[in-house]
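In case you want the letters, here they are:
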2 protein chains.
Amino acid sequence: MQVYLNGSYIDSRDAKISVGDRGFVFGDGIYEVTRVVNGNFFREKEHLTRLKEGLAGLKIEADISMIENIPEISRELIKRNNHLKGEAAVYLQITRGTAWPRTHNFPDPAVKPTLYLSSSPFSPHTELHKTGVDAISVADIRWTRCNLKTINLLPNTLAKQQAKEAGVDSAIMIRDGVVTESPNANIFGVKDGVLYTFPATNYILSGITRQTVLEIADAQGIPVSFSPIRQEEIFNLDELFFSGTTTDIQPVILVDGKPIGTGKPGSVVKTIQQEYNKLLYK
Amino acid sequence: MQVYLNGSYIDSRDAKISVGDRGFVFGDGIYEVTRVVNGNFFREKEHLTRLKEGLAGLKIEADISMIENIPEISRELIKRNNHLKGEAAVYLQITRGTAWPRTHNFPDPAVKPTLYLSSSPFSPHTELHKTGVDAISVADIRWTRCNLKTINLLPNTLAKQQAKEAGVDSAIMIRDGVVTESPNANIFGVKDGVLYTFPATNYILSGITRQTVLEIADAQGIPVSFSPIRQEEIFNLDELFFSGTTTDIQPVILVDGKPIGTGKPGSVVKTIQQEYNKLLYK
């Protein structure tokens, strides 16, 4: 498999970055994951917009040309990896670059950011989309700039691992008594036909798939409330589901071993899934 | 300059890690910085103990031999870099290792962790220790496992950079209305002869230098209170100072442009500095 790293397409086994890269010593960078279906990049513009917002948020000074070249690089990469047919996912990461000596302050003058892209074949979790998944509730221990899609992902990996060790698929993170996100997806609840989700503040990542769900809800006449779901209300919900780039739309049927609604995927999530698939696979 | 990376001593310019290293894509690792004076490693045992606690905290499965070899590797490194005379700092980082494909869950089975060490000459901030430094107050936006010395350091780098852009030396981080830490040091206040510092909970890193300060306070008969300093109490303090491995003991004389105490380093911090230097340079 080939990857792109700082100007070159190389075998992933040869793709190496300096130990002085601030991505390695500080987690000082951002990332995006984009779905590709038969060569079509889904919501590419939205991912690039969020990428630029992330760079601005961390004050990473990437040349405009670096960003402008990303669509071309992405296409060349999936071509080289034979991902033009079927499904793939493209991972993109930009760090602040390599700087010596290691100092918390940004390098001054700024150094060239590191640009890394990889692509891999992707298999949607079709079975889970039908059956739904189980989750545990965990404390949301993240920092308070969750709106930035950074590679400071330890709390997310720890929560996901905690779920795995508990024998379930994912986790529902709780901060200040309300549901925020899963470690790698946004969360929606349904009660009496109304969709509930955490507002797009600094406490969640404003997911591209989340945005798509909101567009679908609007088109389908499903009312949306940006009132966070309180932890004690979880089991009063009719439905609960995750949304995310690699998660798609995934019903959550059990939390902490207890059923949500009927314990089966509900009608609202099924509608959202259908409409989402129409957009993704159009 | 040579560094140590996964079994080899190599030129720092040749020291490269895979783009699949979880340190690079998740910030999934821990680090330590140890001071070396004329070949003597200061508080080495304490650093190694904290390292082991960090590995346990993140469930990184490093072989016992990997940890046991660190003192020898460190010594070989400073020898190769001619840091046996004078002052140096040794940086050590362990990540969960390289794993494909990228998944939040830990690799299963576990992979070999990445071990990286570097050494560099060190110049103490002697002048700042005498004159004291200025700082701004910033929000402590970190996650809630600050007790782990991880490389998820974005909030720290952002706060340090914010200080630099404000024209001051460092920052004082405030969470829930109380002083927690600086981006790279612990904080102590002095009021009526009593030392105040944030208790060693999950909201601060339990610094090795902080621990040394507490030992000095004990030996000097300076009473210590682990009551956090409330933000509104900062300017009622007689003294304020930072403690850290590369910071040493540093008086803070101005916060947000307003003086602490007399606006000059006080008598308690001077006593602590003297006693600290006796231990460091003995």
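Structure's up top.
Since this is a predicted model, take the numbers as computed values, not measurements.

**Q** I'm lost on the overall build of chain A in this one. Help?
**A** Looking only at helices and strands, chain A features eight helices and 17 strands. Its C-alpha radius of gyration of 19 Å places chain A within 12% of the 19 Å reference for a compact globule of 282 residues. Its C-alpha atoms give chain A principal-axis dimensions of roughly 55 × 40 × 35 Å. Going through the 282 residues of chain A one by one, you find that 57% of them count as buried. Within chain A, counting contacts between residues at least 6 apart in sequence, those at least 24 apart form 72% of the total. Of the roughly 11700 Å² that chain A leaves accessible, carbon and sulfur atoms contribute 50%. Placing the 31 positive and 32 negative side-chain charges of chain A at their respective mean positions leaves the two points 2 Å apart.

**Q** Is there a simple way to explain the interface of chain B and chain A in this structure?
**A** One frequent convention defines the size of an interface as the accessible area lost when the parts assemble. Each side of the interface is counted separately: chain B has 50 residues, and chain A has 50 residues. The contact between chain B and chain A buries some 4400 Å² in all, and 63% of this surface belongs to carbon and sulfur atoms. Linking chain B to chain A there are four salt bridges. Close ionic contact of Lys164 of chain A with Asp108 of chain B constitutes a salt bridge, the shortest N to O distance being 3.1 Å. Our enumeration of links across chain B and chain A arrives at 19 residue pairs in polar contact (both at pLDDT 80 or more). When contributions to the side of chain B that touches chain A are tallied by element, the ones reaching two or more residues are β3 (16–18), α1 (22–26), β4 (29–37), β6 (87–95), β7 (114–121) and α6 (154–165) of chain B. At nine residues, α6 of chain B tops the list of elements feeding residues into the side of chain B that touches chain A. When grouped by side-chain class, the residues that make up the side of chain B that touches chain A number 21 nonpolar, 17 polar and 12 charged.

**Q** Honestly, the state of the cysteines in this entry has me stumped. Any pointers?
**A** Think of a disulfide as a covalent bridge from one cysteine sulfur atom to another cysteine sulfur atom. Taken as a whole and assessed by the stated rule, the structure comprises zero disulfides over all chains. Not engaged in a disulfide, the cysteine Cys146 of chain A finds its nearest cysteine sulfur in Cys146 of chain B; these two sulfurs lie 13 Å apart. Accessibility expressed as a relative area gives 5% for Cys146 of chain A, which makes it buried.

**Q** Explain the sheet that holds β6 of chain B to me, please; I cannot follow it from the model alone.
**A** Sheet strands line up and pair through hydrogen bonds in the backbone, either parallel or antiparallel. Residue and element names in this part refer to chain B. A sheet is described by the order of its strands in space; here six strands give the open sequence β2-β1-β7-β6-β4-β5, paired in antiparallel fashion. For this open sheet the edge positions go to β2 (8–11) and β5 (40–41), each flanked by a neighbour on one side alone. For β6 and β7, the ladder comprises eight bridges, and the chain directions are antiparallel. Its bridge partner being in β7, Val90 is matched across the sheet by Ser119.

**Q** Even after reading the chapter, I still don't get the relation of the copies chain B and chain A, so can you show me in this structure?
**A** Here the two chain copies are tied together by a rotation about an axis and a shift along that axis. Rotating chain B by 180 degrees and translating it 0.0 Å along the rotation axis places it on chain A, where the RMSD comes to 0.0 Å. Both copies are brought into coincidence by an operation consistent with a two-fold rotation axis. The share of interface residues of chain B whose copies in chain A are also at the interface is 100%, consistent with both copies meeting through the same surface.

Scoring rules and cut-offs
- Residues numbered from 1 in each chain as written.
- Chains lettered and ligands numbered in written order.
- Predicted model: local features only at pLDDT ≥ 70, side-chain atom pairs only at ≥ 80, totals over all residues.
- Heavy atoms only, no water.
- Helix = DSSP H or I, 4+ residues; strand = E, 2+ residues; numbered from the N terminus.
- Rg over C-alpha atoms; globule rule 2.2 N^0.38 Å.
- Buried < 20%, exposed > 50% of the residue type's maximum accessible area, 1.4 Å probe, protein only.
- Contact = heavy atoms within 4.5 Å.
- Areas by Shrake-Rupley, 256 points an atom, 1.4 Å probe, with all protein chains shown as cover.
- Lys, Arg positive; Asp, Glu negative; His and termini not counted.
- Charge placed at Lys NZ, Arg CZ, Asp CG, Glu CD.
- Buried area = accessible area lost by both parts, 1.4 Å probe.
- Salt bridge = Lys/Arg side-chain N within 4 Å of Asp/Glu carboxyl O.
- Polar contact = N/O pair within 3.5 Å; in protein donor to acceptor, adjacent residues only side chain to side chain.
- Nonpolar A, V, L, I, M, F, W, Y, C, P; charged D, E, K, R; others polar.
- Disulfide = S-S within 2.5 Å.
- Pairing = 2+ DSSP bridges.
- Least-squares fit on C-alpha atoms with pLDDT ≥ 70 in both.

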